[in-house]
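Residue strings, one per chain:
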Amino acid sequence: MQRTTHRRRLLARPVVVSLAVAVALTATSCAKSEDDASNDSSTSAAADSEQKVASPAPDAKTCTIDAYGAEKLDLKSATVGFSQSEKEANPFRIAETQSIKDEAKKRGVKLLTANAQSQFSKQISDVQDLLAKGVDLLVIAPLNSDGWDPVLQAAAAKKVPIVTIDRKINATACKDYVSFIASDFVEQGKRAADQMIEATGGKGEVAILLGAAGNNVTTERTKGFKDQIAAKAPDLKVVFEQTGDFAREKGQQVTEQLIQSNPGIKGIYAENDEMGLGAVAALKGAGKKAGDIEIVTVDGTRNAVQGIVDGWISGVIESNPRFGPLAFQTLDTFTQGQEVSQDIIIEDGAYTADNAKGDLGKAY
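Residues numbered from 1 in each chain as written. Predicted model: local features only at pLDDT ≥ 70, side-chain atom pairs only at ≥ 80, totals over all residues. Heavy atoms only, no water.

Draft legend 1. Region of interest: helix H13 (residues 324–335). Counted at 1.5 Å a residue, the expected span for H13 with its 12 residues is 16 Å, and the 16 Å between its end C-alpha atoms agrees. Among the 12 residues that make up H13, 12 are buried, leaving the element largely enclosed by the rest of the structure. Turning to H13, its buried residues are Gly324, Pro325, Leu326, Ala327, Phe328, Gln329, Thr330, Leu331, Asp332, Thr333, Phe334 and Thr335. (Helix = DSSP H or I, 4+ residues; strand = E, 2+ residues; numbered from the N terminus. Expected span 1.5 Å × (residues − 1). Buried < 20%, exposed > 50% of the residue type's maximum accessible area, 1.4 Å probe, protein only.)

Draft legend 2. Looking closely at the state of the cysteines. The final tally for this structure, using the stated rule, is one disulfide. A sulfur-sulfur distance of 2.1 Å marks the disulfide that ties Cys63 to Cys174. What sets the handedness of the Cys63 and Cys174 disulfide is the S-S torsion sign, and at about 80 degrees it is right-handed. Within this pair, whereas Cys63 is found in strand E1 (residues 62–63), its partner Cys174 is found in the loop between strand E5 (162–165) and strand E6 (179–183), the two being separated by 111 residues in sequence. Since its relative accessible area comes to 1%, Cys63 is described here as buried. Take Cys174: its relative accessible area is 13%, and that puts it in the buried class. (Disulfide = S-S within 2.5 Å.)

Draft legend 3. Quick look at the packing of aromatic side chains. All told, the structure shown has four aromatic pairs when counted by the stated rule. Aromatic pair Tyr68 and Phe334: ring centres 5.7 Å apart, planes at 90 degrees, arrangement edge-to-face. Placement of Tyr68 in helix H4 (residues 65–68) and of Phe334 in helix H13 is noted, with a sequence separation of 266 residues between them. Both residues of the pair, Tyr68 and Phe334, count as buried. Ring centres of Phe92 and Tyr364 lie 6.2 Å apart, and the angle between their planes is 75 degrees; this geometry places the pair in the edge-to-face category. With a gap of 272 residues between them, Phe92 in helix H5 (residues 91–107) and Tyr364 in the segment after strand E14 (350–351) connect regions that are remote in the sequence. For the pair Phe92 and Tyr364, one class covers both residues: buried. (Phe/Tyr/Trp six-rings, centres within 6.5 Å; stacked < 30°, edge-to-face > 60°.)

Draft legend 4. How the structure looks around the packing of helix H6 (residues 120–132) against helix H7 (residues 149–157). Two numbers describe how H6 lies on H7: the axes approach to 9 Å, and their chain directions differ by 10 degrees. On the basis of the axis angle, H6 is roughly parallel to H7. On H7, the residues that touch Ile124, Val127, Gln128 and Leu131 of H6 are Pro150, Val151, Ala154 and Ala155. Classifying every residue of the contact of H6 with H7 gives seven nonpolar, one polar and no charged. (Axes fitted to C-alpha atoms, helices over the stretch in contact; angles between N-to-C directions. Parallel < 35°, antiparallel > 145°, perpendicular 65-115°, else oblique. Contact = heavy atoms within 4.5 Å. Nonpolar A, V, L, I, M, F, W, Y, C, P; charged D, E, K, R; others polar.)

Draft legend 5. Structural view of the pattern of salt bridges. Counted by the stated rule, this structure contains 16 salt bridges. The partner of Glu86 in a salt bridge is Arg167, and the shortest N-O contact between them spans 2.7 Å. With Glu86 in the loop between strand E2 (79–84) and H5 and Arg167 in the loop between E5 and E6, this pair connects stretches of sequence that are 81 residues apart. With its nearest N and O atoms 3.1 Å apart, the salt bridge here joins Arg248 to Glu274. Here the residue Arg248 occupies a position in helix H10 (residues 248–261), and Glu274 occupies one in helix H11 (residues 273–285), the gap between them amounting to 26 residues. (Salt bridge = Lys/Arg side-chain N within 4 Å of Asp/Glu carboxyl O.)

Draft legend 6. Structural context of the side chain of Thr335. You can see Thr335 is positioned in helix H13. Judged by relative accessible area, which is 1%, Thr335 ranks as buried. A polar contact is formed between the side chain of Thr335 and the backbone oxygen of Asp332, at a distance of 3.2 Å. Residue contacts for Thr335: discarding those within four places in its chain leaves Ile65, Lys72, Leu73, Leu75 and Leu137. (Polar contact = N/O pair within 3.5 Å; in protein donor to acceptor, adjacent residues only side chain to side chain.)

Draft legend 7. The sheet that holds strand E7 (residues 204–210), seen in detail. Sheet architecture is open: six strands sit in the order E8-E7-E9-E10-E11-E14, paired in mixed fashion. Each edge of the sheet is formed by a strand with only one pairing partner; in this case those strands are strand E8 (236–243) and E14. With four bridges connecting them, strand E9 (residues 267–270) and strand E10 (residues 294–299) associate as parallel partners. Counted as the bridge partner of Gly267 is Glu294 from E10. Sitting on the sheet, H11 touches E7, E9, E10 and strand E11 (315–318), and the angle it makes with E10 is about 155 degrees. Across the sheet, helix H12 (residues 302–309) touches E10, E11 and E14, and the angle it forms with E11 is around 150 degrees. (Pairing = 2+ DSSP bridges.)

Listed below in structure tokens is the structure:
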């Protein structure tokens, strides 16, 4: 397999974030996926897996507690509510929730949690319930980007600051919410395209397993991939797109349909690892061999990185779920009256055939 040219260039790219938050980041955590055989990582691997941030751009917008209209408080004496969007069957969500819990415990902060079980109406009622229980601050991993008005109005009435992680709420920063913490999803799509171009030689037909509809992650990962393909490899054609809802079973089902309707497909871009692993299962079930169809995914779960080692996956763009330290540091900085960035963007790495075996301990 010819996968060496661009990899070192793809491992990290600079991003925008609050400098105060960047300096304060010191710890993180890691969680097992449900079908890992083992998860022994060294101390150095754990340190390397922390979310990494860089200095802010000159025009980066910030927010303060005075501008937001809330009141200063001591985070140690506060109650923080965390709303998880999806069932914790996905390793990304398992690691995300565990990171929030670990950081709250480390800081001695009271934490109330709720899981919407992938139901948006439940997530809205979950957050309203957290507000009714008297939380002072909220961390929300939104299922959808739209439809948050009832929550935002209720939080504003109680002067409860909100930090959103991973997916963006379509609302006004430093008015409806304080900060959005996430990866650059357009950039992830571009980097996935670079890996697909390298794996396929930039020619042939490829498919996209789309993430769930209704959120900015799917839209931006798709845009980045398509824009990069159009700019760098016009002979690589996207001929199939269908949602796999960020789920392994659905990714497998869609891939089974794909290889029947498009037997000449050369590559599959899965917008998360779970769909990519579903695609691998479909290819194995169809009697395909590792490398027959190139697969590029986004996330960085242990099973997907192992898929690179085993030859079934060409590359994985990291999307680091360990939000706990950065989310709590943002809340701490903000509630003390200091500036925080409205958009806090994480610097993600990548896994390739060159580094997958050695870096398996960094995966979650």
